[in-house]
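# Structural description and commentary
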Amino acid sequence: MAKQKKQPRPKAETPKGFRDYFGVEVTERTKMLRQIGDVYHRYGFDPLETSAVETVEALGKFLPDVDRPNEGVFAWQDEDEKWLALRYDMTAPLARVAAQFRNDLPMPYRRFTMGPVWRNEKPGPGRFRQFYQCDADTVGASSVAADAEICAMLADTLEAVGIPRGDYLVRVNNRKVLNGVLEAMGLGDDQATRDNVLRTIDKFDKVGQAGVRELLGKGRLDASGAYIDGVGLTDAQAEPVIAFLTSKGADAAETLANLRAAIGDSKVGAEGVDELETIAASLAAQGYGPDRIEIDPSVVRGLGYYTGPVYEAELTFEVLDEKGRPRQFGSVAGGGRYDDLVKRFTGQQVPATGVSIGVDRLLAALRAKGRMGGTAKGPVVVTVMDKARMPEYQAMATTLRQAGIRAEVYLGNPKNFGNQLKYADKRNSPVAIIQGSDEAERGVVQIKDLVLGAKIAEDATLEEWKSQPAQREVAIADLVKEVRAILDQDA
């Protein structure tokens, strides 16, 4: 009989493009999401949780990465031969909900949601296939007052989580103005060329005016020396795009005047400029000046479903890249109006607008500003000197928890006491509780201040260390009071 082959052990590795989140990262994210949710809730938005899985037809094909299989989504066929996919954003599922429950929801419907999304894109440094988004949307409001409100709420949100005024800018544009520019270029119904022009405009921040001009024409050499084919427009056709991208003036009024010149006789373009003018007036009336929110023609946004105002939150402070070079942190949030998305389900136009915050990028920004990061404090550890007295140790931990203090009993092998203290150090615990049979008979416990002990160990003499001022004996009745005093002092 042939010898059965041994099954190879699975390799313990995270799939490419994915990552694991540990202790302090999850805690910081939870805290930040709570702060964001508080702002959204204050603006009258209600929470909504949708399924992570949608039908492919419900999601639609709106991702900009056309070079990836499955249009950038993770998709599979179920037992009914229906194609399903992991959601790639939070907006497409909202459109499905708005259509499915349209008779039950109040209109306008204001919702916010938080959770992971998945994109089948090529991963890279800081670019993952699973990431968190935090969205707020208004469905059923045709007035651009809803767009102005989203922009104001986005500014308030950034300040609430710890990005000070002056370190961010919410930039606003309008897809209708872009469509007006495309009309002025004489592209007509050539959708492929229109899409190529939009993608080229979206590179303005990276390649500048000269680079965009080259890409609209024959093409250009990129930094690596590779030649990038251009759209193939003439200089005359490209001119409205350049006028549009360089139309930002000293203030909103000048920018709007320049945009009117860039769109020529386009009616849809004029409508877009009028909407931007309304948004600017609304924000000014609420006290949101150009130091917080401004009209900026260079904002395009990558997804294909935007139909009107689009906006992006950019962090303006500098950080160092992997080579130690200073650079601006960049965008952490974006969104816009998508009046045709619900129509895909109902056949009737339902106006909608919303914003999405890139949670991981915003967390990285807060760490770069020193608002988050470091090491989270662990729980108070109740050590075990006698296994037979485990119920009493657990009762101590319960007493601490009931007083609002995070605590745990050491549940490993208690034989080596030194290993228990090593465990407490690894958990970054501030305090260890010690009680042997002698202390139990006398109704006392030993409280070891691990933070102070670590400081003393760094620079104390041997005699000072032997005196162990970081450890003291207290009555069991004073356990909570003494532990809280140490925690308050550490804080």
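The structure contained in this document is the topic of the report that follows. Quick caveat, the model's predicted, so the values are computed rather than measured.

Moving on, we get to the overall build of the chain. Of regular secondary structure, the chain possesses 18 helices and 18 strands. In summary, the chain has a C-alpha radius of gyration of 29 Å against a globular reference of 23 Å for 491 residues, an excess of more than 25%. Projected onto its principal axes, the C-alpha positions of the chain cover 90 × 75 × 55 Å. Counting over 491 residues, the chain shows a buried share of 46%. Of the contacts formed within the chain by residues at least 6 apart in sequence, a portion of 68% connects residues at least 24 apart. Counting every atom, the chain has about 25,600 Å² of accessible surface; 49% of that belongs to carbon and sulfur. Across the chain, the 65 positively charged side chains and the 72 negatively charged ones have centroids separated by 6 Å.

Under the counting rule described, the total for this entry stands at 27 salt bridges. For D156, the salt bridge identified is with R292, shortest N-O distance 3.2 Å. Of this pair, D156 sits in helix 4 (residues 145–161) while R292 sits in the loop between helix 10 (267–285) and strand 10 (293–295); the two residues are 136 residues apart in sequence, bridging distant segments of the chain. Note that E294 and K248 form a salt bridge whose closest N and O atoms lie 3.2 Å from each other. Of the two residues, E294 is situated in strand 10 and K248 in the loop between helix 8 (235–245) and helix 9 (252–263); the sequence distance between them amounts to 46 residues. With a relative accessible area of 16%, E294 lands in the buried category. A single salt-bridge network, built from bridges that share partners, covers D156, E159, R165 and R292.

Our next topic: the packing of aromatic side chains. Across all of its chains, the model carries four aromatic pairs by this definition. When the ring of Y410 is compared with that of Y423, the centres are 5.3 Å apart and the planes differ by 70°; the resulting orientation is edge-to-face. Taken as a pair, Y410 in the loop between strand 15 (407–409) and helix 14 (417–426) and Y423 in helix 14 lie far apart in primary sequence, 13 residues in all. Classification of Y423 as partly exposed rests on a relative accessible area of 30%. Lying across the ring of F128, R19 places its NZ or CZ 5.9 Å from the centre. The ring of Y21 carries the charged tip of R29 above its face, separated from the ring centre by 4.8 Å.

Reading across from one edge, 2-4-3 is the order of the three strands in this open sheet, with antiparallel pairing throughout. The strands lining the two open edges of the sheet, one partner per strand, are strand 2 (53–55) and strand 3 (75–77). Ignoring which end each strand starts from, the neighbouring axes of this sheet average 35° apart.

So, about a nonpolar patch on the surface. Together, V53, W76 and W83 make up a nonpolar patch on the protein surface, roughly 270 Å² of accessible area in all. Tracing the backbone through its elements, the reader meets V53 in strand 2.

This part takes up the environment of A280. One can find A280 in helix 10. Between the C-alpha atoms of A280 and A148, which are 132 residues apart in sequence, the distance is 7.9 Å. Setting aside anything within four residues of it in sequence, one finds A280 in contact with A252 and I295.

This brings us to the sheet that holds strand 15. Here five strands make up an open sheet; going across it, the order is 15-14-16-17-18 and the pairing mixed. Each edge of the open sheet carries a strand with a single partner, namely strand 15 and strand 18 (471–475). Strand-to-strand, the axes of this sheet are offset by a mean angle of 25°, without reference to chain direction. With three bridges connecting them, strand 14 (residues 380–382) and strand 15 associate as parallel partners. Its bridge partner being in strand 15, V382 is matched across the sheet by V409.

Moving on: the pairing of strand 4 (residues 83–86). Of the pairings in the sheet, the one linking strand 2 to strand 4 comprises three bridges and is antiparallel in character. Within strand 4, the residue paired with E54 across the bridge is A85. Two strands pair when backbone bridges link them, and strand 3 and strand 4 are joined in this way by three bridges, in the antiparallel orientation. Opposite Q77, over in strand 4, you have W83 as the bridge partner. Turn length for the strand 3-strand 4 hairpin, with the two strands adjacent in sequence and antiparallel, is five residues, and the turn residue E81 shows positive phi of about 65°.

Here we come to helix 10. The terminal C-alpha atoms of helix 10 lie 27 Å apart, and with 19 residues this matches the ideal 27 Å at 1.5 Å per residue to within 8%. By the burial criterion, the buried members of helix 10 are G269, G272, V273, E275, L276, I279, A280 and L283. Take helix 10 and look down its axis: the buried residues cluster within an arc of 155°, on one side only. Facing away from the buried side of helix 10 by over 90 degrees, the exposed positions are K267 and A285.

What follows deals with the packing of helix 5 (residues 175–184) against helix 6 (residues 191–201). For any two helices packed against each other, one specifies the inter-axial angle together with the distance between the axes. Two elements in contact, helix 5 and helix 6, have axes separated by 11 Å at closest approach and are oriented at 120°. Classified by the interaxial angle, the pair formed by helix 5 and helix 6 is oblique. In this structure, helix 5 crosses over helix 6, and the sense of that crossing is right-handed. For the pair formed by helix 5 and helix 6, the contact residues are R175, L178, N179 and L182 on the first element and R194, V197, L198 and I201 on the second. Here the contact of helix 5 with helix 6 is built from residues that sort into five nonpolar, one polar and two charged.

On to unusual backbone geometry. Glycine aside, the phi torsion of most residues is negative, and most peptide linkages are trans. Along the chain, M107 connects to P108 via a cis peptide bond; the corresponding omega equals 0°. Here P108 lies in the loop between helix 3 (91–100) and strand 5 (109–118). A positive phi angle, close to 65°, is found at E81, a residue other than glycine. Looking at where E81 falls in the secondary structure, it is placed in the loop between strand 3 and strand 4. A positive phi is found at N428, a non-glycine position, where the angle reads about 55°. One can find N428 in the loop between helix 14 and strand 16 (431–434). A residue is classified by how much of its surface remains accessible, and N428, at 25% relative accessible area, is partly exposed.

Here is what the cut-offs are and how they apply
- The numbers attached to residues start from 1 for each chain and follow its sequence in the written order.
- It should be noted that, the model being predicted, local features are given only for residues of pLDDT at least 70 and side-chain atom pairs only at 80 or more, the latter also being counted only at that level, while totals for whole chains, interfaces and linings use all residues.
- Only hydrogens and water are set aside when side-chain values are computed; all heavy atoms of the structure are taken into account.
- Going along the chain from the N terminus, every DSSP run of H or I of four or more residues is numbered as a helix, and every run of E of two or more is numbered as a strand.
- Our radius of gyration looks at C-alpha atoms and nothing else; its globule reference is 2.2 Å times the residue count to the power 0.38.
- Each residue is placed in one exposure class: buried if its accessible area under a 1.4 Å probe, protein chains only, is under 20% of its type's maximum, exposed if it is over 50%, and partly exposed if it falls in between.
- Residues count as neighbours in contact if any of their non-hydrogen atoms are within 4.5 Å of one another.
- Residue exposure ignores everything except the shown protein chains as possible cover, and the areas themselves are Shrake-Rupley values with a 1.4 Å probe.
- Charge assignment in this entry is limited to Lys and Arg as positive and Asp and Glu as negative, and neither His nor the chain termini are counted.
- Charge placement uses NZ in Lys and CZ in Arg. For Asp and Glu, CG and CD serve respectively.
- Here a salt bridge means any side-chain nitrogen of Lys or Arg lying within 4 Å of a carboxyl oxygen belonging to Asp or Glu.
- Stacked, tilted and edge-to-face pairs are distinguished by plane angle, under 30 degrees for stacked and over 60 for edge-to-face with tilted covering the rest, among Phe, Tyr and Trp rings (Trp via its six-membered ring) whose centres lie within 6.5 Å.
- Placement of a charge over a ring requires the Lys NZ or Arg CZ to be within 6 Å of the ring centre, with the centre-to-atom vector within 35 degrees of the ring normal.
- We treat two strands as partners when DSSP finds at least two bridges between them.
- Here an axis means a line fitted to C-alpha atoms, over the contact stretch when the element is a helix, while the angle between two N-to-C directions is reported on a 0 to 180 degree scale.
- Patch members must show over 30% relative accessible area and no salt bridge, and they are joined within 9 Å when carrying like charges or within 5 Å when they are nonpolar side chains of Val, Leu, Ile, Met, Phe, Trp or Tyr.
- Multiplying 1.5 Å by the residue count of a helix minus one yields the expected span of that helix.
- As used here, the arc is the angular range of directions from the helix axis to the C-beta atoms.
- What sets the label is the angle itself: under 35 degrees gives roughly parallel, over 145 gives roughly antiparallel, 65 to 115 gives roughly perpendicular, and the rest give oblique.
- By convention the crossing between two helices is left-handed if the near helix lies anticlockwise of the far one by an angle smaller than a right angle, and right-handed if it lies clockwise.
- Throughout this entry, Asp, Glu, Lys and Arg are counted as charged residues, while Ala, Val, Leu, Ile, Met, Phe, Trp, Tyr, Cys and Pro are counted as nonpolar. The remaining residues, Gly among them, count as polar.

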